[in-house]
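So the chains spell out like this:
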Amino acid sequence: MKALTKDLLESLSNKYGTSFYILDSDVFEENCRNLAEAFKKYYPLYNIAYSYKTNYTPKLVKIVDRLGGYAEVVSDMEAKIALKSGVKYEHIIWNGPVKNKEMVKEVLLNGGTVNIDSYSEFKYIKELASDNPKTTLNVGVRCNYEVGDSVISRFGIDVDSDEFDKILKEIAETNNMKLAELQAHFAKRSPEYWTKRTEGMLKVYEHVKTKFGIAPERVDLGGGIFGAMPESLRTQLGVAPVCFDDYASRSARLFAEYFKDTQDAPILMLEPGTAVAASCMRYVCCIETIKDVRGKAIASANGSQKNISMSGINPPMEIISCSKSRKYYDAIDIAGYTCIESDYLYKDYQGELGVGDYAVFSNCGSYSVVMKPPFIFTNVPVVDISGSEAELIKRAETFDDLFITYNF
Ligand SMILES: Cc1ncc(COP(=O)(O)O)c(C=O)c1O
């Protein structure tokens, strides 16, 4: 991660204003490589379909494409981001419970994969297959099974249901349908669920192969992997120290064992989002006011908690001093610009602080820039500092960007 010196911060703010996201795209690439290394150590047939929803910044999705990875999309909007970024249809995997039918048709007829989430979706795809007998459609099935995480996931098809068997049987019997993948994703990121996640998938693979005589070319275990994080964030999240090997040893190792004598063994696919994106972005905002309310010191910044986290857990903060007049505080809260009472970026900061200081939040790359609502302020620019010159990745949003859709 490139260091953010006071000089660099001031030169960026002279150009882009006093609040912006700082991207370090080298960190993103390094995370992709580290994840690959951890999994390939056990099972070389590995690839990723990067989860666009986590952070669909074109610069990042192009890195994944350059590294040979796929795009994991969940909407026609995201499929279009992939295509506009130069990703080939064949490298698109489309998940999600609700899909735009026209775009499903376009993706399937051009070689992309659509993961079926319900029988009604399958029926539509089957009609497409019979209307286009000369085209082979790549389908996947999102598998829903127990992994011991105390959640009954609403996604995918229950692998023990008649419906699951019915879909697989019909795929096997349809000449121009190919089972491209079996896929699952479970949201909880603790490695402890990964053994069951993997064993469950291998059981489904076996069932599909023996009962229907078809085997997918990819087995996709989804995302839900923690990335590198500082100790303070880990403590806040209440998780034990975790690294990529904790996931690989519970999945890729089992794949290596299971497929050791299998010809045409499948590719182990992952759909990482947070694992590769979280640590590649920081968020910068500036302290605008400081006041005392009935004995409580409160600073207000020109940034919001909505800029950095959807979970309410705020990542670590560093103050970079640029203020001419600073004061020491035992416990000062740093509040956001919105009118939401609970909009705090940091609670009980201890140290010197003054108006004009910058607050820099690390680990802001996942579900941040894509989830910032247009509430009160438009969003700030994104600047990549990985190269020798800072590169503007996304300019500041303007009034017109948002209000063009309204009739005044
Ligand atoms: C289907 C699917 N794959 C991958 C991901 C990425 O998850 P994470 O950010 O935990 O890696 C998600 C996140 O919701 C998802 O729904």
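Sequence positions are assigned chain by chain, starting from 1 and proceeding in written order. pLDDT decides what is reported in this predicted model: residues at 70 or higher carry local features, side-chain atom pairs at 80 or more are listed and counted, and totals for whole chains, interfaces and linings draw on all residues regardless.

Topic: the overall build of the protein chain
Point 1. Helix and strand assignments come from DSSP, with helices taken as H or I runs of at least 4 residues and strands as E runs of at least 2, each series counted from the N terminus. From N to C terminus, the protein chain includes 13 helices and 18 strands.
Point 2. Only C-alpha atoms enter the radius of gyration, while the globule expectation follows 2.2 Å times N to the 0.38, with N the number of residues. Rg of the C-alpha trace for the protein chain: 23 Å, near the compact-globule value of 22 Å for 408 residues, within the 12% margin.
Point 3. Dimensions along the principal axes, computed over C-alpha positions, put the protein chain at roughly 75 × 50 × 40 Å.
Point 4. Expressed as a percentage of the 408 residues in the protein chain, the buried residues total 42%. Three exposure classes are used. Buried residues have 20 or more other C-beta atoms within 10 Å of their own C-beta, exposed residues have 12 or fewer, and partly exposed residues fall in between, all C-beta atoms being placed from the backbone.

Thoughts on the domain arrangement of the protein chain
Point 1. The domains assigned to the protein chain are domain 1 (6–22 + 279–403) and domain 2 (41–272).
Point 2. Once C-beta atoms have been placed from the backbone, residue pairs whose C-beta atoms lie within 7 Å are recorded as contacts. On the domain 2 side, the residues contacting the 14 residues of domain 1 number 14 residues.
Point 3. Throughout this entry, Asp, Glu, Lys and Arg are counted as charged residues, while Ala, Val, Leu, Ile, Met, Phe, Trp, Tyr, Cys and Pro are counted as nonpolar. The remaining residues, Gly among them, count as polar. When grouped by side-chain class, the residues that make up the side of domain 1 that touches domain 2 number 8 nonpolar, 5 polar and 1 charged. Domain delimitation in this document rests on an assignment produced automatically or drawn from a domain database.

Considering the nonpolar core
Point 1. Core membership is restricted to buried Ala, Val, Leu, Ile, Met, Phe, Trp, Tyr and Cys residues, and these are joined into a nonpolar core through C-beta atoms within 7 Å. Counting 110 residues, the largest nonpolar core has Y21, A71, I92, A301 and A359 as the members making the most contacts within it.
Point 2. Per element, the largest residue contribution to this core is 7 residues, and it comes from strand β11 (residues 281–293).
Point 3. Shared between two domains, this core holds at least three residues of each, these being domain 1 (6–22 + 279–403) and domain 2 (41–272).
Point 4. Those residues in contact with I92 that lie beyond four places of it in its chain are Y70, A71, V73, A79, A82, V87, V107, G112 and T113.

Digging into the site of the ligand
Point 1. Should the C-beta atom of a residue, placed from the backbone, lie within 6 Å of a molecule or strand, that residue is near it. Among the 16 residues in the neighbourhood of the ligand, the closest are listed as S51, G223, E271, G273 and T274.
Point 2. Of the residues assigned to the shell around the ligand, the class counts are 3 nonpolar, 10 polar and 3 charged.

Let's talk about unusual backbone geometry
The phi angle of most residues is negative, glycine excepted, and most peptide bonds adopt the trans form.
Point 1. Its identity is not glycine, yet R294 carries a phi of approximately 45 degrees, on the positive side.
Point 2. Residue placement: R294 occurs in the loop between β11 and β12 (296–301).
Point 3. Within the chain, N363 stands out as a residue other than glycine whose phi angle is a positive 55 degrees.
Point 4. Tracing the backbone shows N363 in the loop between β16 (358–361) and β17 (382–384).
Point 5. Since 26 C-beta atoms lie within 10 Å of it, N363 is described here as buried.

Description of the pairing of β16
For a regular strand, side-chain orientation follows a simple rule: the groups alternate between the two sheet faces.
Point 1. For two strands to be treated as a pair, DSSP must find no fewer than two bridges joining them. With 4 bridges connecting them, β11 and β16 associate as antiparallel partners. Counterpart to C285 in the pairing with β16 is A359.
Point 2. Where strand β13 (residues 317–320) lies against β16, 4 bridges are found, and the strand directions are antiparallel. In the sheet register, I319 faces β16, and the bridge partner there is A359.

A look at the environment of H207
Point 1. Looking at where H207 falls in the secondary structure, it is placed in helix α8 (residues 194–212).
Point 2. Between the C-alpha atom of H207 and that of V159, which follows or precedes it by 48 residues, the distance is 9.7 Å.

Some words on the pairing of β11
Point 1. As paired strands, strand β1 (residues 20–23) and β11 are joined by 4 bridges and run antiparallel to one another. Note on β11: the bridge partner recorded for Y21 is Y283.
Point 2. Taken together, the 6 bridges between β11 and β12 define a ladder with antiparallel strand orientation. Note on β12: the bridge partner recorded for V293 is K296.
Point 3. The turn joining β11 and β12, which pair antiparallel and follow one another in sequence, is formed by 2 residues; a positive phi near 45 degrees is taken by R294.

Concerning helix α2 (residues 25–40)
Point 1. Across its 16 residues, α2 extends 23 Å between first and last C-alpha, which sits within 8% of the 22 Å expected from 1.5 Å per residue.
Point 2. Those residues of α2 that fall on the buried side of the exposure criterion are S25, V27, F28, N31, C32, L35, A36 and F39. Any helix carries an expected span of 1.5 Å times its number of residues minus one.

Digging into the environment of E231
Point 1. In this structure, E231 sits in helix α9 (residues 231–237).
Point 2. Overall, E231 belongs to the exposed group, with 9 C-beta atoms counted inside 10 Å.

Quick look at the packing of α2 against helix α3 (residues 58–66)
Point 1. Structural elements are reduced to axes, namely lines fitted to C-alpha atoms, with helices fitted over the stretch in contact, and the angle between N-to-C directions of any two is expressed from 0 to 180 degrees. Their axes nearest at 10 Å, the elements α2 and α3 cross at an angle of 35 degrees. Handedness of the crossing formed by α2 with α3: right-handed. Where α2 approaches α3, its residues S25, F28, E29 and C32 are matched on the opposing element by K59, L60, I63 and V64.
Point 2. Here the contact of α2 with α3 is composed, by residue class, of 5 nonpolar, 1 polar and 2 charged. Crossing handedness: left-handed means the near helix sits turned counterclockwise from the far one by under a right angle, and right-handed means the same turn made clockwise.

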